[in-house]
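# Observations on the model geometry
One letter stands for each residue in the lines below.
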Amino acid sequence: MAKHPFSFLHFLLCCCFFSTLLSPSLSSVEVEALLRFKKQLKDPLHRLDSWKVSDSPCEFSGVSCDPITGLVTKISLDSQSLSGEISPSISELQSLISLVLPSNLLSGHLPAELNKCSNPRELNMSANHLIGTLPDLSELRNLQILDLARNYFSGPFPSWVTNLTGLFSLALGDNNYDEGEIPESIGNLKNLSFIYFARSQFRGQIPESFFEITTMESLDFSTNNISGNFPKSITKLKKLNKIELFANQLTGEIPSELANLTLLQEIDISRNNLYGKLPEGLGQLKNFVVFHIFENNFSGEIPAGFGGMRNLLLFSTYRNNLSGEFPANFGRFSPLNRIDISENQFSGGFPKYLSESGKLHFLLALGNKFSGEFPGSCSKCRDLQRLRINENLLSGEIPSGIWGLPEVVIIDFGNNEFTGRIPPQICTATSLTELHLENNKFSGKIPPELGKLANLGKLYLNGNDFSGKIPSELGVLQQLSSLHLEENSLTGSIPAELGKCAMLVEMNLARNSLNGNIPESFSLLTNLHSLNLSWNTLTGSLNPDNLKFLKLSSLDLSMNQLTGIVSSNLLQMGGDKAFLGNKGLCVEKSLKIQMHSGLKVCKGNNTKELLLFFIIYSLRLGHYFRASPTTLNKIATQNIFKY
């Protein structure tokens, strides 16, 4: 049979004709559906102002349409501060392929009507405030991306999701499901490459069927109650580049076969009950960017191959039982950003290449047995924020450039054997909030430049050999909450300016050679809870007015040369022991009896009582005395304050 030469052209014309007939009607339906969707939302940023009655929704902000049919195919309103509930009208958009509404403030239930959408491939409602049991969306057979993580969904974990065999990305974690096990049917998702099931209240073990999903690249089952041995079958997943299993109840050793996952870039198995030595082969996985195994029971040494890593950014092994010397070249070739190897048993010299790249933000190595000097290369890390190497066996002087790092927030060199002085250039460390130098062998004067560190909240210089006077410049530190200068060789009087440190909670100046009076300005330290001025040579009368407004839970003024009467409120704060060794201090007889104090009774108490009685009696019988009442009042006042 001969074909008509214009039949195909006629067909196209007919399609266009019917399209023009149907399109306005369908468009109006979609406009109406979107306006109902908008009506249930609050839009403080006015992102939906363009959503108005019109012939087509294709000009609506965040809306995309098919270029041929003009029908809505995508709604994308990421991080727009939208609140309210999701209208079921969204299901009327029959050509909708992608609905992306993450990181808003959407609440209420997820509409079950979404199951009526015929062809969605992406559904992302993550990081909202959605609640209730997840509706069964297993009819969405073409779905490829499903992200409902970081909401408040409750009820049973949605096992129906294992029927969506077209999924390659699945994120349902960070919700409030009932406690349960990972569905055995998870292995049905043969195309899955990304799974996020963190904080999903799972218990038990990961099903073996999961390890048959050979397309898997990134898995996150963190912060659940998954138990059993570390799953050896995970080594079947040759495409894995990310493993997140931290904060579970896993036990056993890391299988040596894990070293066969050559594409692995990130692993976090922290906060489990894992033990044993790290497989030597892990050091050959040169793609590592993140390596976290902290808070386990690993022992032995770090594999030598880690010294050759070239991509390593984050490395954390704290709170294990790792020991031995650190790999010699660790950090030499990698852009290391954060490292925490604290609370292990590492020994030998401090790893000298950790800061080689100059990109370190965190250097945490406290609680080990490192010895020798601290490397000076750390001074070129201008973005370093936290430097903590306390509780080691380190000695020598701190390289001068480290003191003045502009971004450093915490410097902690405490409990080592460091020597030398604090240089004046510490004034350039303007971000510093904590300085810990306690229990070392530092000496010299405390630099007045510390007063320029406006953010300084904690200053621990105790247990050293600092000498000279306490700089009055410390009095301008309005954020200072902890001041520890005890056990040094400081002299001179206590600066009255310290009374201006309104945020002070604890002050310890004990075991120095300070003299003079307790400053009256201390009465202004209304946030002070702990005050220790013991074992100095402080003198003068103990004026209760200086301290009576303080809410001290700990007070120690012992072993000084103070004089005067200990008031009842001071005795309540510190007890007898707070005043021992001050021969000139005493308590009134009535207070001694009332509080069972062991302090001596003030002499002359009976004389004072007789004098007061005599004056009062004399005022009533003034004709017996030539002295005026005003004169007698002055005499009484002088005698009362004499004690």
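Residues numbered from 1 in each chain as written. Predicted model: local features only at pLDDT ≥ 70, side-chain atom pairs only at ≥ 80, totals over all residues. Heavy atoms only, no water.

### So, the state of the cysteines
In this structure the tally under the stated criterion is two disulfides. The residue that forms a disulfide with Cys-58 is Cys-65, at a sulfur-sulfur distance of 2.3 Å. Around the S-S axis, the bridge from Cys-58 to Cys-65 shows a dihedral of about -110° and counts as left-handed. Residue Cys-586 pairs covalently with Cys-602 via a disulfide, S to S 1.9 Å. On the S-S bond that ties Cys-586 to Cys-602, the torsion sits near 100°, and the link is right-handed. Of this pair, Cys-586 sits in strand β46 (residues 584-586) while Cys-602 is found in the loop between α5 (589-595) and α6 (605-620), placing the two residues 16 residues apart along the sequence. Taken individually, Cys-586 and Cys-602 each receive the classification buried, so the pair is uniform in this respect. Across the chain, the disulfide pattern expressed with sequentially numbered bonded cysteines is 1-2, 3-4. (Disulfide = S-S within 2.5 Å. Helix = DSSP H or I, 4+ residues; strand = E, 2+ residues; numbered from the N terminus. Buried < 20%, exposed > 50% of the residue type's maximum accessible area, 1.4 Å probe, protein only.)

### Quick notes on the pairing of strand β21 (residues 273-277)
The pairing of strand β19 (residues 249-252) with β21 spans two bridges and is classified as parallel. Residue pairing across strands places Thr-251 opposite Asn-273, the latter belonging to β21. Taken together, the three bridges between β21 and strand β23 (residues 297-300) define a ladder with parallel strand orientation. Bridged to Tyr-275 within β23 is Asn-297. (Pairing = 2+ DSSP bridges.)

### Describing unusual backbone geometry
Of note in the backbone geometry, Ser-81 takes a positive phi value of approximately 60° without being a glycine. Within the secondary structure layout, Ser-81 lies in the loop between β3 (72-76) and β4 (83-85). We classify Ser-81 as partly exposed; its relative accessible area is 31%. The backbone phi angle of Ala-247 is positive, close to 60°, even though this residue is not glycine. By the element assignment, Ala-247 lies in the loop between β18 (242-244) and β19. A relative accessible area of 21% means that Ala-247 is categorised as partly exposed.

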